[in-house]
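Listed below are the residues making up each chain.
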Amino acid sequence: MTGRTQDGALLLARLLLAAALLPTGIARALNISGFALTLAGTGLPAPNLVATAAVVVQVFGPLALILGVLPRITGLMLAVFAVAMAVLLHPFWQFSGPTAVAERTLMLADLGLAGGFLMVAMTGPGAWSWQGWRQGARAQAKPASARVNTPKSAARPKRPAGRASTRAAA
């Protein structure tokens, strides 16, 4: 895959992953007390605090993901968030019949999102991101001689084997 194609695919992946969380995060932000009541129904302690933290993660995490800001931390944070919310909000083992099937499907979808977030954390955001822009700006700020990546062994000529052995003998 060429660099531009890979960067485009990584941008598309970031946009799609963010689209899975951002609308729900905005809806929960507009009705945070209702979300806190949902969390209280699961028996979670301090539901208001957890709801507020979840809304902050669910709104600002996808925005950071889209922009490519701190991709490793953002990806890991969103993966942990997706797994935690899957376990808290979709306990399919407590249900039976069609409800259990629906809850299991939602939980597996959240776990799939967690996998996508881990992939972003491991691969990075690509060049079409804030991090890619910063790395490009740093590379342009360096002098041209510093930008050349030549291995040290290729930069200096090798000595003939005979010289090294005569030096060792002397």
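For the structure itself, consult the block above.
Residues numbered from 1 in each chain as written. Predicted model: local features only at pLDDT ≥ 70, side-chain atom pairs only at ≥ 80, totals over all residues. Heavy atoms only, no water.

Draft legend 1. Focus on the overall build of the protein. Summing up its helical and strand segments, the protein has nine helices and zero strands in all. Helices (α) and strands (β) of the protein occur, in sequence order from the N terminus, as α-α-α-α-α-α-α-α-α. Sorting the 170 residues of the protein into buried and exposed places 29% on the buried side. Sequence separation of 24 or more characterises 66% of the internal contacts of the protein that already satisfy a separation of 6 or more. (Helix = DSSP H or I, 4+ residues; strand = E, 2+ residues; numbered from the N terminus. Buried < 20%, exposed > 50% of the residue type's maximum accessible area, 1.4 Å probe, protein only. Contact = heavy atoms within 4.5 Å.)

Draft legend 2. Quick peek at helix α3 (residues 47-67). The terminal C-alpha atoms of α3, which comprises 21 residues, lie 30 Å apart, in line with the 30 Å expected from a rise of 1.5 Å per residue. Of all the residues in α3, the buried ones are A51, A54, V55, V57, Q58, V59, G61, P62, A64 and L65. Against the buried residues of α3 lie α1 (3-30), α2 (32-41), α4 (71-89) and α5 (98-123). Immediately downstream of α3, the backbone of G68 shows phi near 80°, a positive value. (Expected span 1.5 Å × (residues − 1).)

Draft legend 3. Region of interest: the packing of α3 against α4. Two elements in contact, α3 and α4, have axes separated by 10 Å at closest approach and are oriented at 140°. Judged on the interaxial angle alone, α4 and α3 are oblique. Note on packing geometry: the crossing formed by α3 with α4 is left-handed. For the pair α3 and α4, contact is made by A54, V57, Q58, G61, P62, A64 and L65 and by T74, M77, L78 and F81, respectively. (Axes fitted to C-alpha atoms, helices over the stretch in contact; angles between N-to-C directions. Parallel < 35°, antiparallel > 145°, perpendicular 65-115°, else oblique. Left-handed = near helix turned anticlockwise from the far one by under 90°.)

Draft legend 4. Structural detail: the packing of α1 against α3. Running from N to C, α1 and α3 point in directions that differ by 155°, and their axes come no closer than 8 Å. One way to sum up the angle between α1 and α3 is to call them roughly antiparallel. Crossing hand, α1 versus α3: left-handed. Seen from α1, the contacting residues are L11, R14, L15, L17, A18, L21, L22, T24, G25, I26, R28 and A29; seen from α3, they are V55, Q58, V59, P62, L63, L65, I66 and L67.

Draft legend 5. Here's a closer look at the nonpolar core. In this structure, L17, F35, L39, L65, L78, F81 and F117 are the most contacted members of the largest nonpolar core, which totals 24 residues. For this core, the elements supplying multiple residues, two or more each, are α1, α2, α3, α4 and α5. Setting aside chain neighbours within four positions, we find F35 in contact with R28, A51, A54, V55, M85 and L89. (Core = buried A, V, L, I, M, F, W, Y, C linked by side-chain atoms within 4.5 Å.)

Draft legend 6. Here's a closer look at the side chain of H90. You can see H90 is positioned in the loop between α4 and α5. At a separation of 3.5 Å, a polar atom in the side chain of H90 contacts the side chain of D110. Discounting residues that sit within four places of it in the chain, H90 has contacts with M85, E103, L106, M107 and D110. (Polar contact = N/O pair within 3.5 Å; in protein donor to acceptor, adjacent residues only side chain to side chain.)

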